[in-house]
Amino acid sequence: MSRVHDMGGRFGDGRVTPDLEDAPVSAQDWHARALAVTLAAGALGQWTLDRSRFARESLGPSDYMAFSYYEKWLAGLADLLVDCGVVSRAELAGAEPEASPLAARRMAAERVPGALARGGPVSRDGAAPRFAVGDLVRTRRPARNVLVPGGHTRLPGYAAGLTGRVERCHGCHVFPDANAHGLGERPEPLYTVVFDAGAVWGAPERAGDSVSCDLWDSYLEPLA
């Protein structure tokens, strides 16, 4: 199932304009607050990073296209808070909040630098890689979650059904297609696969350009 967020290679969505090097990290004050409240809510441990990505992907198409970057974050967070029973719709609308059993898990300000420094490592022990550096592989087509119909996947639509070469193996990592839906981490080998830009886009900016994607083992099949 294709979702509106999977926009790579589409026509008609406007020009991509990279941010300037000297642009501020937060263009508006509320952007930093949106990031902060998202991180603080994630620290409550009620969802995974992959589930939070899926929440943003699942916004209605009209909202997704109309919202700015951080508006998408806040909308996805609001859905997660309600779906996971952290807050009620009435509380989001301004009703007096009830005492929460999760209050003790709040992230105090002094803990933030350490939490950001640690990050959220997703490398795990798991199966040996099927592919080696230099192997030719083909990506699965269509680009979809085979565990959950319409579910989250990190295989972009523009890279589906293409032949590429393994450039690097990163070891085993949490498999997002499962982890976004409460099916466990199910770690798989993760690879960087390089594709010819002409095969991906049809008309590359320059001959010889390439596109690199980090792809999980089950997204790939050997090229006989």
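Read on for an overview of the structure. Values in this document were obtained by computation on a predicted structure and should not be read as measured data. (Residues numbered from 1 in each chain as written. Predicted model: local features only at pLDDT ≥ 70, side-chain atom pairs only at ≥ 80, totals over all residues. Heavy atoms only, no water.)

A word on the packing of helix H1 (residues 29-42) against helix H4 (residues 69-83). It is at 10 Å that the axes of H1 and H4 come closest, and there the two elements cross at 30°. Relative to H4, the element H1 lies roughly parallel. Seen from above, H1 lies across H4 with left-handed handedness. Contact residues: H1 offers Trp-30, His-31, Ala-34, Leu-35, Val-37, Thr-38 and Ala-41, while H4 offers Tyr-70, Glu-71, Trp-73, Leu-74, Leu-77 and Leu-81. For the contact of H1 with H4, the residue count by class is 10 nonpolar, two polar and one charged. (Axes fitted to C-alpha atoms, helices over the stretch in contact; angles between N-to-C directions. Helix = DSSP H or I, 4+ residues; strand = E, 2+ residues; numbered from the N terminus. Parallel < 35°, antiparallel > 145°, perpendicular 65-115°, else oblique. Left-handed = near helix turned anticlockwise from the far one by under 90°. Contact = heavy atoms within 4.5 Å. Nonpolar A, V, L, I, M, F, W, Y, C, P; charged D, E, K, R; others polar.)

Together, Leu-35, Leu-39 and Leu-116 give the surface a local cluster of nonpolar side chains, amounting to about 250 Å² of exposed area. Relative to the assigned elements, Leu-39 resides in helix H1. Overall, the relative accessible area of 39% leaves Leu-39 in the partly exposed class. (Patch = residues over 30% accessible without salt bridge, like charges linked within 9 Å, V, L, I, M, F, W, Y side chains within 5 Å. Areas by Shrake-Rupley, 256 points an atom, 1.4 Å probe, with all protein chains shown as cover. Salt bridge = Lys/Arg side-chain N within 4 Å of Asp/Glu carboxyl O. Buried < 20%, exposed > 50% of the residue type's maximum accessible area, 1.4 Å probe, protein only.)

A few words now on the pattern of salt bridges. If you walk through the whole model with that rule in mind, you get six salt bridges. Between Arg-10 and Asp-13 there is a salt bridge, with the nearest N and O atoms lying 2.9 Å from each other. Among the ionic pairs, Arg-206 bridges to Asp-209, the shortest N-O distance being 3.7 Å.

Here the focus is helix H2 (residues 49-57). Note: α-helices contain 3.6 residues per turn, so residues at a spacing of three or four share the same orientation. Taken as a whole, H2 has its buried residues at Asp-50, Ser-52, Phe-54, Ala-55, Arg-56 and Glu-57. Those residues of H2 hidden inside the fold are in contact with helix H3 (61-66), H4 and helix H7 (176-179).

We now examine H1. Spanning 14 residues, H1 covers 21 Å between terminal C-alpha atoms, matching the ideal 20 Å at 1.5 Å per step. Restricting attention to buried positions, one finds in H1 the residues His-31, Ala-34, Thr-38 and Ala-41. For H1, the buried positions fall inside an angular range of 100° around the axis, keeping them on one side. For H1, the exposed residues lying more than 90 degrees away from the buried face are Asp-29 and Arg-33. On the buried face of H1, the contacting elements are H4. (Expected span 1.5 Å × (residues − 1). Arc of directions from axis to C-beta.)

Looking at the element boundaries, Ala-34 is found in helix H1. For Ala-34, a relative accessible area of 2% translates into the label buried. Here the alpha-carbon distance between Ala-34 and Gly-182, two residues 148 residues apart in the chain, equals 25 Å. Non-local contacts of Ala-34, meaning those with residues more than four positions away in its chain, are made with Tyr-70 and Leu-74.

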